[in-house]
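Chain and residue survey
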Amino acid sequence: MTLQNIRDAKTFDELKPAIKLLCDKMQIMTYGEFTAYKRTLESQAVKVGSSVKALNDYAEQYQVYGYETNKA
């Protein structure tokens, strides 16, 4: 998923693959790549009517459980 794909997302559900990508690949990304993905996700989450908290909650449950638990 590219940064442009994230910018083109219209719903929070369309952002979920990018959140998972960031969670899975953050250890091998450069700091610049990580920051670009993180900031783009945060700004797009707000644009689609969600919040940074919802984004962080989803990322946290994905990292802890490895799947969507519907707690976010």
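See the structure shown above.
First things first, this report covers the structure right here in the doc. Predicted model only: the values in this text are computed from it and were never measured. (Residues numbered from 1 in each chain as written. Predicted model: local features only at pLDDT ≥ 70, side-chain atom pairs only at ≥ 80, totals over all residues. Heavy atoms only, no water.)

Packed helices, taken two at a time, are described by the angle between their axes plus the distance between the axes. Packing of helix α2 (residues 12-25) against helix α4 (residues 52-65) leaves a shortest axis separation of 10 Å and a crossing angle of 50°. As judged from the angle between their axes, α2 and α4 are oblique. As for how α2 packs across α4, the hand of that crossing is right-handed. Facing α2, whose interface residues are F12, K16, I19, K20, C23 and D24, α4 presents A54, L55, Y58, A59, Y62 and Q63. The residue inventory of the contact of α2 with α4, partitioned by class, reads 8 nonpolar, 1 polar and 3 charged. (Axes fitted to C-alpha atoms, helices over the stretch in contact; angles between N-to-C directions. Helix = DSSP H or I, 4+ residues; strand = E, 2+ residues; numbered from the N terminus. Parallel < 35°, antiparallel > 145°, perpendicular 65-115°, else oblique. Left-handed = near helix turned anticlockwise from the far one by under 90°. Contact = heavy atoms within 4.5 Å. Nonpolar A, V, L, I, M, F, W, Y, C, P; charged D, E, K, R; others polar.)

So, about the pattern of salt bridges. Scanning all chains against the criterion turns up 3 salt bridges. For the salt bridge of K38 with E42, the shortest nitrogen-to-oxygen distance reads 3.7 Å. Here K38 pairs with E42, and both are found in helix α3 (residues 31-47), just 4 residues apart, close to one helical turn. Overall, the relative accessible area of 33% leaves K38 in the partly exposed class. Here K53 makes a salt bridge to D57, at a shortest N to O gap of 2.9 Å. Taken together, the positions of K53 and D57, both in helix α4 and 4 residues apart, correspond to about one turn of that helix. (Salt bridge = Lys/Arg side-chain N within 4 Å of Asp/Glu carboxyl O. Buried < 20%, exposed > 50% of the residue type's maximum accessible area, 1.4 Å probe, protein only.)

Mapped onto the elements, G49 comes out in the loop between α3 and α4. For G49, a relative accessible area of 67% corresponds to the exposed category. For the pair G49 and R7, spaced 42 residues apart in sequence, the C-alpha to C-alpha distance is 14 Å.

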